[in-house]
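A structural walkthrough
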2 protein chains.
Amino acid sequence: MNPKRCAACKYLRRRCPKDCIFSPYFPPNDPDKFACIHRIYGAGNVSKMLQQLPVQTRAEAVESLSFEAKCRVEDPVYGCVGIISLLQTQIRKTQTLLAKTQAEIAVAQTKHSQHTNL
Amino acid sequence: MNPKRCAACKYLRRRCPKDCIFSPYFPPNDPDKFACIHRIYGAGNVSKMLQQLPVQTRAEAVESLSFEAKCRVEDPVYGCVGIISLLQTQIRKTQTLLAKTQAEIAVAQTKHSQHTNL
């Protein structure tokens, strides 16, 4: 057993090769990160997705896949699309509030100019 | 060949069983929906995820999985997490604008009350 195996190879109970595609992104001290990704996408799919990406973008891809997988485990029906819906609702509410505030300002300005014109 | 096979069974070149877990959500006239989901998650993983959910929540789960898969195909690095970042930036900008507007109102009100107290 190699104690330096990455979390992915540890999970998959295999030797961690020198050119392991997972090892830069799945340190052995965070086993949940890989477990989550494996549960949702499967190790083979993640490996395929990473291989199709330029090396310098893989760390960010792993982070976004990890985030989506974690959301899907926590919310199996909506996953991180639930967060998108929530944010969109928040934006709509804020836009309504902004429009209301702008209308109030317009009313206040009209009253003010009528007052100063008297 | 059964012309009524669902898009998933058509894609997987198999007979569509009566109790097919995919058929209610993957009509034969939308083959891309399944192709996308299969490419990102794999048919086996999607089938497993759906089986673990109550039937009445599966349609919404398929929609959110479909959306995430489509985003991942279009943006292989950030997927739909890119949308979340975008929305969060939009919210931060709107909050800044709202704070600025509220400050302007406060200044205008102070000036107004000074003016009417003269």
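Parameters and conventions
Within each chain, residue numbers correspond to sequence positions counted from 1 in written order. Ligands are numbered from 1 and chains lettered from A, in the order in which they are written. In view of the model being predicted, local features appear only for residues whose pLDDT reaches at least 70, and side-chain atom pairs are presented and counted only at 80 or more, with totals across whole chains, interfaces and linings using the full set of residues. Values shown for side chains rest on all heavy atoms present in the structure; no hydrogens or waters enter the calculation. Under the scheme used here, helices are H or I runs from DSSP no shorter than 4 residues and strands are E runs no shorter than 2 residues, and both carry numbers assigned from the N terminus. Radius of gyration: C-alpha atoms only; globule rule: 2.2 Å multiplied by the number of residues to the exponent 0.38. Copies are brought into register by a least-squares superposition over C-alpha atoms of residues with pLDDT of at least 70 in both. For this analysis, residues touch if any pair of their heavy atoms sits within 4.5 Å. Summed over both partners, the accessible area lost on bringing two parts together, with a 1.4 Å probe, is the buried area. Salt bridges are defined by distance alone: a side-chain nitrogen of Lys or Arg within 4 Å of a carboxyl oxygen of Asp or Glu. Identification of polar contacts relies on pairs of N or O atoms within 3.5 Å, with a donor-acceptor requirement for protein atoms, meaning one able to donate a hydrogen and the other able to accept it, and with residues adjacent in sequence counted only if both atoms are side-chain atoms. Charged residues are taken to be Asp, Glu, Lys and Arg, nonpolar residues to be Ala, Val, Leu, Ile, Met, Phe, Trp, Tyr, Cys and Pro, and polar residues to be all remaining types, Gly included. Expected span of a helix: the number of residues minus one, times 1.5 Å. We call a residue buried when its accessible area falls under 20% of the maximum for its residue type, exposed when it is over 50%, and partly exposed in between, using a 1.4 Å probe and counting protein chains only. Helix axes are fitted to C-alpha atoms over the stretch in contact, other axes to C-alpha atoms as well, and angles between N-to-C directions run from 0 to 180 degrees. Note on angle classes: values under 35 degrees are labelled roughly parallel, values over 145 roughly antiparallel, values of 65 to 115 roughly perpendicular, and the remainder oblique. The definition of a nonpolar core used throughout is a set of buried Ala, Val, Leu, Ile, Met, Phe, Trp, Tyr and Cys residues joined through side-chain atoms within 4.5 Å. When the centres of two rings from Phe, Tyr and Trp lie within 6.5 Å, Trp using its six-membered ring, the rings pair. Their planes under 30 degrees apart give stacked, over 60 give edge-to-face, and anything left gives tilted. Delimitation of the domains relies on an automatic or database domain assignment.

Considering the overall build of chain A
Per the secondary structure count, chain A includes five helices and zero strands. If you list the helices and strands of chain A from N to C, you get α-α-α-α-α. The C-alpha radius of gyration of chain A comes to 25 Å, more than 25% above the 13 Å expected for a compact globule of 118 residues. The principal-axis extents of the C-alpha atoms in chain A amount to approximately 90 × 30 × 25 Å.

Some details on the relation of the copies chain A and chain B
Each of the two copies of the chain can be brought onto the other by a rotation about an axis and a shift along it. In screw terms, the move from chain A to chain B is a rotation of 180° and a rise of 0.0 Å along the axis, fitting with an RMSD of 0.1 Å. Both chain copies can therefore be described as sitting about a two-fold axis. Across chain A, the smallest distance between a C-alpha and the rotation axis is recorded for A:Tyr41, namely 2.3 Å. Both copies contact each other with a shared surface, as 100% of the interface residues of chain A are interface residues in chain B too.

Concerning the interface of chain A and chain B
How big an interface is tends to be reported as the loss of accessible area on association of its parts. Taken together, the 36 residues of chain A in the interface contact 36 residues of chain B. Buried surface at the junction of chain A and chain B, both sides included, amounts to about 3100 Å², of which 69% is carbon and sulfur. Run the count over chain A and chain B and you get two salt bridges. With a closest N to O distance of 2.8 Å, B:Arg72 and A:Glu68 form a salt bridge. Summed over the shared surface of chain A and chain B, the number is 12 residue pairs in polar contact (both at pLDDT 80 or more). Of the residues that constitute the side of chain A that touches chain B, the class distribution is 19 nonpolar, 13 polar and four charged.

Here we look at helix H5 (residues 81–117) of chain B
For H5(B), which comprises 37 residues, the first-to-last C-alpha distance of 54 Å matches the rise-based estimate of 54 Å (1.5 Å per residue) to within 8%. Listed as buried for H5(B) are B:Val81, B:Ile84, B:Leu87, B:Ile91, B:Thr94, B:Leu98 and B:Thr101. Contacts from the buried residues of H5(B) go to helix H4 (55–74) and helix H5 (81–117) of chain A.

What to know about the packing of helix H2 (residues 31–40) of chain A against H4(A)
Residue and element names in this part refer to chain A. In contact at an axis separation of 8 Å, H2 and H4 are set at 75° when each is read in the N-to-C sense. One element, H2, and the other, H4, form an angle in the roughly perpendicular class. Taken together, the residues of H4 that come into contact with H2 (itself represented by Lys 33, Cys 36, Ile 37, Arg 39 and Ile 40) are Val 62, Glu 63, Leu 65, Ser 66, Ala 69, Lys 70, Arg 72 and Val 73.

Some points on the nonpolar core
Within the largest apolar cluster, 50 residues are counted, with the highest numbers of intra-cluster contacts made by A:Phe22, A:Tyr41, B:Phe22 and B:Tyr41. Excluding residues within four positions of it along the chain, A:Tyr41 makes contact with A:Val46, A:Met49, A:Leu65, A:Glu68, A:Ala69, B:Ile40, B:Tyr41 and B:Asn45. Counting residues in hydrophobic clusters, the runner-up holds 10 residues, among them A:Leu87, B:Cys71, B:Cys80 and B:Ile91.

Remarks on the packing of aromatic side chains
Within the structure shown, the criterion is met by nine aromatic pairs over all chains. Ring geometry for A:Tyr11 and A:Phe34: centres 5.6 Å apart, planes at 65°, overall edge-to-face. Remark: A:Phe34 occurs in helix H2 and A:Tyr11 occurs in helix H1 (residues 7–11); sequence separation between them is 23 residues. Note on B:Phe26 and B:Phe34: the rings are 5.3 Å apart at their centroids and 85° apart in plane angle, and the pair reads as edge-to-face. Note on B:Phe26: relative accessible area 0%, which makes it buried. Residue B:Phe34 is classed as buried on the basis of its relative accessible area, which comes to 0%.

Regarding the domain arrangement of chain A
Residues and elements named next belong to chain A. You can read the domains of chain A as domain 1 (1–74) and domain 2 (77–117). Domain 1 and domain 2 are separated by 43 Å when their C-alpha centres are compared. Each partner contributes residues to the interface: domain 1 has four residues there, and domain 2 has five residues. Contact between domain 1 and domain 2 buries roughly 350 Å² in total, counting both sides, with carbon and sulfur atoms accounting for 66%. For the pair domain 1 and domain 2, the number of links is zero salt bridges. At the boundary of domain 1 and domain 2, one finds one residue pair in polar contact (both at pLDDT 80 or more). When its residues are assigned to classes, the side of domain 1 that touches domain 2 shows two nonpolar, no polar and two charged.

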